[in-house]
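Listed below, chain by chain, are the residues.
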Amino acid sequence: LFVGRAPDYALVPVDSVDSFLPYAWSPDGRLLAYAAAGGGIVVRDLESDSVVATIAGTGAPLAFSPDDGRLLVGEAGDATLGLSIHDLATDAVTGVGEVPVRLTYALDWRPYVQALWDQAGIKVVYVLQDPAGGASIESYDVSKGTITVLAPAGSVLVYWRLGAISPDGKALAAWLDEVIPTSLLSGYTRSHLFFIDLGSGQQKLRANASGDTYGGTVAFSPDQTQLAFYYAGSGNDAVGGGVYVIG
């Protein structure tokens, strides 16, 4: 795992890092928390290149407190998603509640559950598979105990994936994957990038794929005026694979 700007990259020594595993940056950009492929959560100080803490569990989602000193850690149960807060200075652990839904996707994957911790409190955003097909996006407010449906499930061949929550916590960049069948047993995916208002659920299309494309990592600029994202394209893709930036 490489962190930084070219050519001054810092190497984070993690074996078999998977881009689907959860990670979180501290608000000041100094600390990186990530789930290692071998298990457990590591909190690393990127300035001193030292490990600040190691925490057991899958850690999905992960989110730092506004003061950088605490880490929210999620842990999947049989019927709920448990949430706890780990104090990085004292190692004290405090339970803060549960998301009262049984999430049906892999809960150690960042594309399906993320969290936001700001001055207003903690929200967990997750993708929920619909038994009838397709998938919806919901948000759970921990302090209020309320669930908001941000994007309802659609066709059985349309699925949502989470990209990134904006720095101000007001918007979500998410992929809408459209499965295009070409025969009875095969097909390809078109990934469309949407902005979703976390307050109203209003959606805005920002990148519309026309061929065989699969959307990857998404990142907001600190001032939220730009968004970078990765498209993995193929020979049938009219866009082409690579990293794109939109304003």
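So, here's what we can say about the structure. Just so it is clear, the structure is predicted and the values come from calculations on it, not from any experiment.

**Points about unusual backbone geometry**
No. 1: At D91, a position not held by glycine, the phi torsion is positive, near 65°.
No. 2: Assignment of secondary structure puts D91 in the loop between β9 (81–87) and β10 (93–99).
No. 3: Positive phi values are uncommon outside glycine, yet Q224 reaches one of about 65°.
No. 4: Position of Q224 among the secondary structure elements: in the loop between β19 (213–220) and β20 (227–233).

**Here's the deal with the pattern of salt bridges**
No. 1: The final tally for this structure, using the stated rule, is four salt bridges.
No. 2: Close ionic contact of D67 with R70 constitutes a salt bridge, the shortest N to O distance being 3.7 Å.
No. 3: Of the residues examined, R70 reaches a relative accessible area of 30% and is grouped as partly exposed.
No. 4: The salt bridge partner of R161 is D177, with a shortest N-O separation of 2.5 Å. With R161 in strand β15 (residues 158–165) and D177 in strand β16 (residues 171–181), this pair connects stretches of sequence that are 16 residues apart. Note on accessibility: R161 and D177 belong to one class, buried.
No. 5: The network of salt bridges with shared partners includes D28, R30 and D45.

**Examining the sheet that holds strand β12 (residues 121–129)**
No. 1: Across the sheet, four strands lie side by side as β11-β12-β13-β14; this open sheet has antiparallel pairing. The open sheet is flanked by β11 (113–118) and β14 (146–151), the only strands paired with a single partner. Direction aside, neighbouring strands of the sheet carry axes that sit 25° apart on average.
No. 2: One ladder, built from seven bridges, connects β12 with strand β13 (residues 135–141); its direction is antiparallel. Its bridge partner being in β13, V125 is matched across the sheet by S139.

Here is what the cut-offs are and how they apply
Residues numbered from 1 in each chain as written. Predicted model: local features only at pLDDT ≥ 70, side-chain atom pairs only at ≥ 80, totals over all residues. Heavy atoms only, no water. Helix = DSSP H or I, 4+ residues; strand = E, 2+ residues; numbered from the N terminus. Salt bridge = Lys/Arg side-chain N within 4 Å of Asp/Glu carboxyl O. Buried < 20%, exposed > 50% of the residue type's maximum accessible area, 1.4 Å probe, protein only. Pairing = 2+ DSSP bridges. Axes fitted to C-alpha atoms, helices over the stretch in contact; angles between N-to-C directions.

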